[in-house]
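Here are the chains, one letter per residue:
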Amino acid sequence: MLFPQQNSSRNLLDLSGIWDFQADPEETGLQHGYYSSLPQPRPIAVPGSWNEQYADLFQYLGMGWYLRKVHLPASWHGQRIFLRVGSANYWAAAWVNGEKAGEHTGGHLPFAFEVTGLVKFNAENVIAIQVENHLTLTRVPSGNIDGMGGFFSGYPSTTFDFYPYAGIHRLVTLYTVSQTFIEDITVTTDNGGANAHVQVSVRLNGEQVRGRVRLAGSGFAAETEIRFKEGKAQADLEVPSARLWSPENPFLYELTVSAGEDTYTLPIGIRTVEVRGSQFLLNEKPVYFKGFGRHEDFYASGKGLNLPLLVKDYDLLRWVGANSYRTSHYPYSDEEMAMADRQGFLIIDEIPAVSLQVDTPENMAVRLEMCLQQIEEFIARDKNHPSVVMWSVANEPRLPDLKAALTGKADSSFDPVKTDFFHKLISRTKELDPTRPVTLVGQMGMPLEWQAETDVLCVNRYWGWYELGGQLEQAFASLEQELDLLYERFKKPILVSEFGADTVAGLHGQPAGMWSEEYQADFIRGYLDVAARKDFVIGMHVWNFADFQAVQSIIRVGGMNLKGVFTRTRTPKLAAHVLREHWTRPGRQPAEFNHLEVEQGKNNIVS
Ligand code: GCB
């Protein structure tokens, strides 16, 4: 799915702003015609989670209706018109002038419906979007599971700890295309031999015989004709002395495809990724992932697109010396991905299969279908981003009774290995995109064979927090021992994809106790030191970049997960300085970060 754009042949109307909103807990809105008008509307911002905007909606996850009116420019006459929602969590349906345009299931991914036949000119159009986010057993991710207890029990009853924000979370746009239009573009790049190659596949929705592909940038320009057969065409452009995309030099070329009356421009990066032996290669050179697991989360906007925050977060990511992050635990906004391309961040892109429940064959069949849909949709959306270097098909799949699982007493009638469950996710991902490695992020104590087919072993480890809390020396020894055993068994690169400690900003201690800034700093320093001794460890992602809203629970002070190295308002904790010292140490950092070098001796908090 191509991101909508305004250019000489396409038009775009951004519907961000204040819409009308009405909660519909009884779900009678349909029979009362809420798609045309709301009886008691109140204003709401789009994009944005409704939970953050009104206190009485904080815990509300049921049906909600959004409505706004819009006039279309007369110049749009004769063009095809689409309504696109960047994401709505979890189920959504769109209505135009009282007619249903379509519906979509699953959060964090875009959907678009053609509305050409539904819109009016010279009159107001009523756009309504219904959204609901019930937590149910078979949704991905799941919630409200009977008997779900222990650590993660909280309210609302999720299987994960971040807040299940509801609403329209990303841009809603109306856009136009010509009658015959470019439906999809797939770009792959390689740098084998003397020159780089950019392969472009174009799919048209109609009959058109010829088109053109142009690639330009850095003083280079090449253009070629393409010929469509049954709506498809390919081009292979050779780029001598290509400027390769990398975190140090995230150079983007401009690719323009035109066919008939339509044209579309895409920024692309030329680069290769490959797992070889125990290394992860970018442009044939080993890379080290320095960064975080993150969340789309903020006061007032919830999971809603927040552009100033996005820019600020990248500034802080660069300040701290990071070069990568994982989109834990769902695909992030289109705007995030474009920013990563532009600023040179390496992204591990994850579907919303967080705490993927492994229980009965019947439930697993439903979840498998949803995971495959999510894989399909996120690859369609993100495949052309040079920043995306690996796909993650799940985070911490688990048997519902975690404690029983850890002690070997779990009772599950479903074996995901014997039934090829993970194999199906991984092989489908590779089928759709053979160019990127695939991972599945593992939890402490998870059966190791669940990760057998991944290209990179991503492991979340909490020695020193959930296990061996307060005993950091033993924690580091356990980590070291475990990493060695994992490598011995799998002989694959390992990325520690989560490690961290909850920390109350401003809480100090000597000696450092759990929850203090010093404990978090020591914890992170110790993990980095262990990892630095292992040449099969290809990176460290701290959990988490910033404190984030969690469900209410006895392990979440103030309803927050406090493992951020920045607070929710983005103030650095002591650990952020430790990371900065470590990641921007002279000789380690990419050239781009040179100006951020920490002056020796000045940053004495970490000495
Ligand atoms: C994990 C999960 C993450 C949680 C984290 C924690 O393993 O992947 O979503 O937030 O632990 O802080 O407990």
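Above this note sits the structure.
Residues numbered from 1 in each chain as written. Predicted model: local features only at pLDDT ≥ 70, side-chain atom pairs only at ≥ 80, totals over all residues. Heavy atoms only, no water.

A. A look at the overall build of the chain. Assigned secondary structure in the chain consists of 9 helices and 32 strands. For 607 residues, the compact-globule estimate of 2.2 N^0.38 gives 25 Å, and the chain sits close to it at 24 Å. Viewed in the frame of its principal axes, the chain has a C-alpha envelope of about 70 × 65 × 50 Å. Going through the 607 residues of the chain one by one, you find that 60% of them count as buried. Contacts in the chain between residues at least 24 apart in sequence constitute 70% of all its contacts with a sequence separation of at least 6. For the chain, the exposed area adds up to about 23300 Å²; of that, 51% sits on carbon and sulfur atoms. Between the mean site of the 55 positive side-chain charges and the mean site of the 73 negative ones, the chain shows a separation of 3 Å. (Helix = DSSP H or I, 4+ residues; strand = E, 2+ residues; numbered from the N terminus. Rg over C-alpha atoms; globule rule 2.2 N^0.38 Å. Buried < 20%, exposed > 50% of the residue type's maximum accessible area, 1.4 Å probe, protein only. Contact = heavy atoms within 4.5 Å. Areas by Shrake-Rupley, 256 points an atom, 1.4 Å probe, with all protein chains shown as cover. Lys, Arg positive; Asp, Glu negative; His and termini not counted. Charge placed at Lys NZ, Arg CZ, Asp CG, Glu CD.)

B. Spatial organisation of helix α6 (residues 421–432). For α6, which comprises 12 residues, the first-to-last C-alpha distance of 17 Å matches the rise-based estimate of 16 Å (1.5 Å per residue) to within 8%. Burial in α6 covers these residues: Phe421, Phe422, Leu425, Ile426 and Thr429. Buried residues of α6, seen end-on, are gathered within an arc of 135° and therefore sit on one face of the element. Against the buried residues of α6 lie α4 (361–382), β26 (388–395) and β27 (438–441). (Expected span 1.5 Å × (residues − 1). Arc of directions from axis to C-beta.)

C. Region of interest: the nonpolar core. If you look at the biggest cluster of nonpolar residues, it comprises 87 residues, and the most contacted ones within it are Phe292, Phe499, Phe523, Ile524, Val565 and Leu579. Here the element with the most residues in this core is helix α7 (residues 472–490); it accounts for 8 residues. Each residue touching Leu579, except ones within four places of it in the same chain, is listed here: Phe292, Val320, Ile524, Leu528, Val542, Val565 and Thr584. (Core = buried A, V, L, I, M, F, W, Y, C linked by side-chain atoms within 4.5 Å.)

D. How the structure looks around the state of the cysteines. One pass over the structure, following the stated rule, counts 0 disulfides. Unpaired in terms of disulfides, Cys371 finds its nearest cysteine sulfur in Cys458, a separation of 17 Å. Among the residues examined, Cys371 registers a relative accessible area of 0% and is labelled buried. (Disulfide = S-S within 2.5 Å.)

E. Broad picture of the site of the ligand. In the neighbourhood of the ligand, 14 residues make up the surrounding shell, with His329, Glu396, Tyr466, Glu498 and Lys563 lying closest. In this structure, Tyr466 approaches the ligand through a side-chain N or O atom, which is 2.4 Å from an oxygen atom. Contact distances for the ligand include 2.8 Å between an oxygen atom and a side-chain N or O atom of Glu498. Contact with the protein chains removes 96% of the 320 Å² of surface that the ligand exposes when unbound. The residue inventory of the shell around the ligand, partitioned by class, reads 5 nonpolar, 4 polar and 5 charged. (Near = heavy atom within 4 Å. Polar contact = N/O pair within 3.5 Å; in protein donor to acceptor, adjacent residues only side chain to side chain. Nonpolar A, V, L, I, M, F, W, Y, C, P; charged D, E, K, R; others polar.)

F. Structural view of the sheet that holds strand β20 (residues 273–276). If you walk across this open sheet you meet the 3 strands as β20-β21-β22, and the pairing is antiparallel. Of all strands in the sheet, those with a lone pairing partner are β20 and β22 (285–286), marking the two edges. Examined bridge by bridge, β20 and strand β21 (residues 279–282) share 4 bridges and lie antiparallel to one another. Paired with Arg276 across the two strands is Gln279, which belongs to β21. (Pairing = 2+ DSSP bridges.)

G. Structural detail: the packing of aromatic side chains. With the rule as written, the count across this model stands at 39 aromatic pairs. Each ring, one from Phe58 and one from Tyr163, has its centre 4.6 Å from the other, and the planes form 25°; the classification is stacked. In this pair, Phe58 is assigned in the loop between α1 (50–53) and β4 (64–70) and Tyr163 in the loop between β10 (125–132) and β11 (167–168), connecting sequence segments 105 residues apart. Across the pair, Tyr163 and Phe58 agree in class, each one buried. (Phe/Tyr/Trp six-rings, centres within 6.5 Å; stacked < 30°, edge-to-face > 60°.)

H. Representation of the packing of α7 against helix α8 (residues 517–532). At a minimum axis distance of 10 Å, the contact between α7 and α8 shows a crossing angle of 30°. Put simply, α7 runs roughly parallel to α8. In the crossing of α7 with α8, the sense of the turn from one axis to the other is right-handed. Here Leu472, Phe476, Leu479, Glu480 and Leu483 of α7 come into contact with α8, specifically with Tyr519, Asp522, Phe523, Gly526, Tyr527 and Val530. A breakdown of the residues in the contact of α7 with α8 according to their chemical character gives 8 nonpolar, 1 polar and 2 charged. (Axes fitted to C-alpha atoms, helices over the stretch in contact; angles between N-to-C directions. Parallel < 35°, antiparallel > 145°, perpendicular 65-115°, else oblique. Left-handed = near helix turned anticlockwise from the far one by under 90°.)

I. Region of the structure containing the environment of Arg489. Structurally, Arg489 can be placed in helix α7. Taking C-alpha positions, Arg489 is 9.5 Å from Leu448, a pair spaced 41 residues apart along the chain. For Arg489, the contacting residues outside a window of four places in its chain are Leu448 and Glu449.

J. Representation of helix α2 (residues 307–320). The first and last C-alpha atoms of α2 sit 20 Å apart over 14 residues, in line with the 20 Å expected at 1.5 Å per residue. Restricting attention to buried positions, one finds in α2 the residues Leu309, Leu310, Asp313, Tyr314, Leu316, Leu317, Arg318 and Val320. Between the side-chain oxygen at the start of α2 and the backbone nitrogen of Leu309 there is a gap of 3.2 Å, and the oxygen is on Asn306. A positive backbone phi angle near 90° is found at Gly321, which sits one or two residues after α2.

That's the geometry; what it means functionally is another story.
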